[in-house]
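# Structural description and commentary
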Amino acid sequence: MIWILGATGRTGREIAARVAARGGTPVLVGRNAERLRKTAAELGLDGVEVVETADIAGEVARRRPAVVVNTIGGYADTAVPIARACLPGGHYVDLANDLVAMPRLLALHDEAAAGDSTFVTGAGFGVLGTEAVVARLCADRPTPQEVRVDALPSVAIEAGQLGAALALSIVSAFTTGGLRYRGGQMVPTRLAGEPREHALPDGQKAKSAVGATGELLAAHEASGAPNVVATTGLLPTAPYIRAILPLASALLKVSAVRQFAVRRMAAMEFKPAPRPREHSWGHAVVTWADGTTREGWLRTEDAMGFTTNAAAETAVRLARGEGRRGAYTPACALGPELAEAAGATIDQL
């Protein structure tokens, strides 16, 4: 059984459908059984089990599913208790992409390994989209000196509200400020610093700037490099906006301001719109102490489609007994080929 937490949400329902398409057995989990059954019917999954509960960790510990996929968000608070409830022997997957939640989950490595479990954090385009390139470039090579990754998602917008989980993730990225690895230590740097324009392999262009997202941590984990910087296409690069970002970041550290910003952002209504570019891209440049450099690109289509495929593929593989035991980012747990199975291609220049 593969439990999908938050199965009535957009991401949860897509992951459930893709787990079923891969031959897995999804179980839809949430607070309202009627809504869960309606979601199952809409997905053509009428025969699947639904679990209504307000105590997810308790129900996981009692029912012992093979894999739990957490799409409910708020991973800094939800990931650790739910993952621990999977022990021993059960596996856990989430879509975190921030530098608060991910280190907390990775800190459970010894517990997971001792319990014969695999915990995977960041099983989406955010993290795997660049980590897989780093892992491929570093294969069969010594530890590099420096890594740079650039996450350049392209996402179609669906009609409706942004939602609390995504709003919290966005606000958290601004709250953390800019970070990078220098000499093996994570140190502050300017948020939205080092803006650059990328000439993409398909002839289009995209811009990015330095942030503090899970791509940074994953690139460090996959390479071991002491010096790592990560940029994202989700941050503004216009000079006048970049100038006020440090002030905005400081204000969002105030709890009341942060909670207000999350509520307002979550309630924002969006009209449907196509993705701005045909492809989403993950880019990495890896440099060794002897001056050797490798560069690679990951290409996929809609970044959210890749995310739901990646989470489903991760869950199904863990249910089959694949993956290293312990707590990992996705390519470290299952290899860079996980990204290819989720619908991406990886090319080394």
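Up top is the structure these notes are about.
All of these numbers come straight from a predicted model, not from anything done at the bench.

### Here's the deal with the packing of aromatic side chains
Considering all chains together, one arrives at 3 aromatic pairs under this definition. Summarising the aromatic geometry, the rings of Phe125 and Phe306 are spaced 6.0 Å apart at their centres and angled 85 degrees between planes, so their arrangement reads as edge-to-face. Pair noted here: Phe125 is in helix 7 (residues 125-138) and Phe306 is in helix 12 (residues 303-319), with a separation of 181 residues, a long-range link. The two residues Phe125 and Phe306 agree in class, both being buried. For the pair Trp281 and Trp297, a centre-to-centre distance of 5.6 Å together with 85 degrees between the ring planes defines the contact as edge-to-face. Pair noted here: Trp281 is in strand 15 (residues 280-287) and Trp297 is in strand 16 (residues 293-300), with a separation of 16 residues, a long-range link. Residue Trp297 is classed as buried on the basis of its relative accessible area, which comes to 7%. The side chain of Arg141 reaches across the aromatic face of Trp288, ending 4.4 Å from its centre.

### Quick word on the sheet that holds strand 5 (residues 91-94)
If you trace the 7 strands from one edge of the open sheet to the other, you get 3-2-1-4-5-6-17, paired in parallel fashion. Pairing within the sheet leaves two strands with one partner each, and these edge strands are strand 3 (50-52) and strand 17 (326-328). Each strand of the sheet is rotated relative to its neighbour by a mean of 15 degrees, with strand direction disregarded. Most of the contacts of helix 1 (residues 10-21) go to strand 1 (residues 2-5), to which it runs at about 165 degrees, and overall it touches strand 1, strand 2 (26-30) and strand 4 (67-70). Running over the sheet, helix 12 touches strand 1, strand 4, strand 5 and strand 6 (118-120) and is turned about 175 degrees from strand 5.

### Remarks on a nonpolar patch on the surface
Residues Leu247, Leu251, Val254 and Val257 make up a contiguous nonpolar surface patch of about 340 Å² in total accessible area. Tracing the backbone shows Val254 in the loop between helix 10 (239-252) and helix 11 (255-266).

### Quick word on the pattern of salt bridges
Under the definition given, this model contains 15 salt bridges. Glu42 is the partner of Arg13 in a salt bridge, and the nearest nitrogen-oxygen pair spans 2.9 Å. Taken together, the residues Arg13 in helix 1 and Glu42 in helix 2 (residues 33-42) connect sequence positions 29 residues apart. Take Glu42: its relative accessible area is 46%, and that puts it in the partly exposed class. One salt bridge connects Arg148 with Asp150, and the closest N-O pair in it is separated by 3.3 Å. For the pair shown, Arg148 and Asp150 are each scored as buried. Each of Arg148, Asp150, Arg180, Glu194 and Arg196 takes part in salt bridges that share partners, so that together they form one network.

Definitions and limits used
Residues numbered from 1 in each chain as written. Predicted model: local features only at pLDDT ≥ 70, side-chain atom pairs only at ≥ 80, totals over all residues. Heavy atoms only, no water. Phe/Tyr/Trp six-rings, centres within 6.5 Å; stacked < 30°, edge-to-face > 60°. Helix = DSSP H or I, 4+ residues; strand = E, 2+ residues; numbered from the N terminus. Buried < 20%, exposed > 50% of the residue type's maximum accessible area, 1.4 Å probe, protein only. Lys NZ or Arg CZ within 6 Å of the ring centre and 35° of its normal. Pairing = 2+ DSSP bridges. Axes fitted to C-alpha atoms, helices over the stretch in contact; angles between N-to-C directions. Contact = heavy atoms within 4.5 Å. Patch = residues over 30% accessible without salt bridge, like charges linked within 9 Å, V, L, I, M, F, W, Y side chains within 5 Å. Areas by Shrake-Rupley, 256 points an atom, 1.4 Å probe, with all protein chains shown as cover. Salt bridge = Lys/Arg side-chain N within 4 Å of Asp/Glu carboxyl O.

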